[in-house]
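Chain by chain, the residues:
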Amino acid sequence: QVQLVESGGGLVQAGGSLRLSCAASGRTFTNYNMGWFRQAAGKEQEFVAAIDWSGTIIYYADSVKGRFTISRDNAKNTVYLQMNSLKSEDTAVYYCAAGRYVGFIENRHKAALYEYWGQGTQVTVSS
């Protein structure tokens, strides 16, 4: 089992920044690729960003590319999502997820392949 706990969400004005953290405990953190997903009210869950187990391969959804940065600190068992230039459409519950799937490049956006999920943290961007 892997336990994931997100933090860092909140209310921010458009153009502002937030940094989300996801602390992992349980199994070996470096066994897992990590992803961030989000779900806005009334909408389907969508992929935001993912980072492979080593931290060397990173992908972003087009909607956040250039504004969000995913990173991980394997010594601290933590993955981060730095969010800059926030827009009202970024408002959602953000979830971190861990998965040991192979084929990171082709599978990074597939929520079903992530085995463990955090409880989510609300991000609200006011315009």
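Note that this is a predicted model, so its numbers are computed, not measured. (Residues numbered from 1 in each chain as written. Predicted model: local features only at pLDDT ≥ 70, side-chain atom pairs only at ≥ 80, totals over all residues. Heavy atoms only, no water.)

Colleague: Could you clarify how one ought to interpret the packing of aromatic side chains in this entry?
Modeller: Between two aromatic rings, the relevant description is the distance of the centres plus the angle of the planes. By the definition in use, this model includes eight aromatic pairs. Ring centres of Phe 37 and Tyr 114 lie 5.2 Å apart, and the angle between their planes is 80 degrees; on these two criteria the pair is classed as edge-to-face. Taken together, the residues Phe 37 in strand E4 (residues 33-39) and Tyr 114 in the loop between helix H1 (104-107) and strand E10 (116-117) connect sequence positions 77 residues apart. Judged on exposure class, the residue Phe 37 and its partner Tyr 114 are both buried. When the centroid spacing of 5.1 Å and the interplanar angle of 50 degrees are considered together, the rings of Phe 37 and Trp 117 count as tilted. Here Phe 37, found in strand E4, pairs with Trp 117, found in strand E10; they are 80 residues apart in sequence, far enough to count as distant. (Phe/Tyr/Trp six-rings, centres within 6.5 Å; stacked < 30°, edge-to-face > 60°. Helix = DSSP H or I, 4+ residues; strand = E, 2+ residues; numbered from the N terminus. Buried < 20%, exposed > 50% of the residue type's maximum accessible area, 1.4 Å probe, protein only.)

Colleague: Before we go on, may I ask you to explain the pattern of salt bridges in this structure?
Modeller: When the charged atoms of two side chains with opposite charge come close together, those side chains can pair. Within this structure, the stated rule accounts for five salt bridges. Among the salt bridges present, the one from Glu 46 reaches Arg 38, with a minimum N-O distance of 2.6 Å. Residue class for Glu 46 comes out partly exposed when judged on its relative accessible area of 34%. One salt bridge in this structure joins Arg 67 and Asp 90, with 2.7 Å as the shortest N-O distance. Remark: Asp 90 occurs in the loop between strand E8 (78-83) and strand E9 (92-99) and Arg 67 occurs in the loop between strand E6 (58-60) and strand E7 (68-73); sequence separation between them is 23 residues. For the pair formed by Arg 67 and Asp 90, the shared burial category is buried. Each of Arg 38, Glu 46, Arg 67 and Asp 90 takes part in one network of salt bridges that share partners. (Salt bridge = Lys/Arg side-chain N within 4 Å of Asp/Glu carboxyl O.)

Colleague: Mind showing me how you'd approach the sheet that holds E7 here?
Modeller: Sheet strands pair via backbone hydrogen bonds, and the direction of the pair is either parallel or antiparallel. Taking strand neighbours across the sheet as the criterion, the four strands line up as E1-E3-E8-E7 in an open arrangement whose pairing is antiparallel. The strands lining the two open edges of the sheet, one partner per strand, are strand E1 (2-7) and E7. Geometrically, the sheet is characterised by an average inter-axis angle of 15 degrees between neighbouring strands, direction not taken into account. In this sheet, E8 lies alongside strand E3 (residues 18-26) in antiparallel orientation, the contact comprising six bridges. Along E8, the bridge assignment pairs Ala 23 with Thr 78. (Pairing = 2+ DSSP bridges. Axes fitted to C-alpha atoms, helices over the stretch in contact; angles between N-to-C directions.)

Colleague: Any chance you could explain the nonpolar core here in plain terms?
Modeller: Counting 36 residues, the largest nonpolar core has Leu 4, Met 34, Trp 36, Leu 81, Met 83 and Tyr 94 as the members making the most contacts within it. Looking at this core, the elements that each hand over two or more residues are E1, E3, E4, strand E5 (46-51), E7, E8, E9 and strand E11 (121-126). If near-sequence neighbours (up to four positions away) are discounted, Leu 81 is found in contact with Leu 18, Arg 19, Leu 20, Trp 36, Val 48, Ala 49, Phe 68, Thr 69, Ile 70 and Tyr 94. (Core = buried A, V, L, I, M, F, W, Y, C linked by side-chain atoms within 4.5 Å. Contact = heavy atoms within 4.5 Å.)

Colleague: Looking at this structure, how should I read the state of the cysteines?
Modeller: Linking two cysteines covalently via their sulfur atoms produces the bond known as a disulfide. The final tally for this structure, using the stated rule, is one disulfide. Disulfide partner of Cys 22: Cys 96, at an S-S distance of 1.9 Å. Where Cys 22 bonds to Cys 96 through sulfur, the torsion about that S-S bond is close to 50 degrees, and the disulfide is right-handed. Note that Cys 22 is positioned in strand E3 and Cys 96 in strand E9, a separation of 74 residues in sequence. (Disulfide = S-S within 2.5 Å.)

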